[in-house]
Amino acid sequence: MKLTEKDKEFIEKLKSLVESRDLSIELINDGLLRLVLRQNYGDQIESEFKMTRQGVRWRFHRLFNEIYVSAYESIFYVESQFGAELRGHAIKIARQRVELRKKANKTGFMPACRRENG
């Protein structure tokens, strides 16, 4: 599952709040391991994210406990079948995609590569 622009904005705002220690991310185990947000969920959080506290909790749960963890589950499965030898290649491909996306955002153009036959 890919991140939306709203997801990316949420993560960037969350990063600044975690760095300023207004929020923290903790691992809890109440029979099921999961990541949770801690600290003050006051009006500042609602105004910073421009959503309700329940909305902040929902988006955090979706991003960190579903999408993020699911990505590692997929990696774990592929590597359990093929080993970790392909990991370096996957990281190179991911880095290239990130760089292309950054370049496309700067120029407003995404280059399309075509395979040539023959």
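Before reading on, note that the structure itself is shown above.
What comes next concerns the included structure. Going along each chain's sequence as written, the residues are numbered from 1 onward. Where local features are concerned, this predicted model is filtered to residues with pLDDT of at least 70; where side-chain atom pairs are given and counted, the filter is 80 or more; whole-chain, interface and lining totals use all residues. Where side-chain values are given, they derive from all heavy atoms of the structure, hydrogens and water being excluded.

1. What about unusual backbone geometry?
At R21, a position not held by glycine, the phi torsion is positive, near 70°. Relative to the helices and strands, R21 resides in the loop between α1 (5-19) and β1 (23-29). In the Ramachandran plot, K50 falls in the positive-phi region, its phi being about 55° despite a non-glycine side chain. Comment: elements are numbered from the N terminus, with helices defined as DSSP H or I runs of at least four residues and strands as E runs of at least two. Residue placement: K50 occurs in the loop between α2 (43-49) and α3 (53-82). Partly exposed describes any residue whose relative accessible area lies between the buried limit of under 20% and the exposed limit of over 50%, with all areas from a 1.4 Å probe on protein chains only and scaled to the type maximum. For K50, a relative accessible area of 71% corresponds to the exposed category.

2. A closer look at the pattern of salt bridges
Whenever Lys or Arg places a side-chain nitrogen within 4 Å of a carboxyl oxygen from Asp or Glu, that contact is recorded as a salt bridge. In the structure shown here, the tally under the stated rule is 8 salt bridges. Here E26 makes a salt bridge to R38, at a shortest N to O gap of 3.3 Å. Residue E26 is located in strand β1, and its partner R38 is located in strand β2 (residues 33-39); the two are separated by 12 residues in the primary sequence. Since its relative accessible area comes to 36%, R38 is described here as partly exposed. If you follow the salt bridges from partner to partner, you end up with D7, R59 and R62 in one network.

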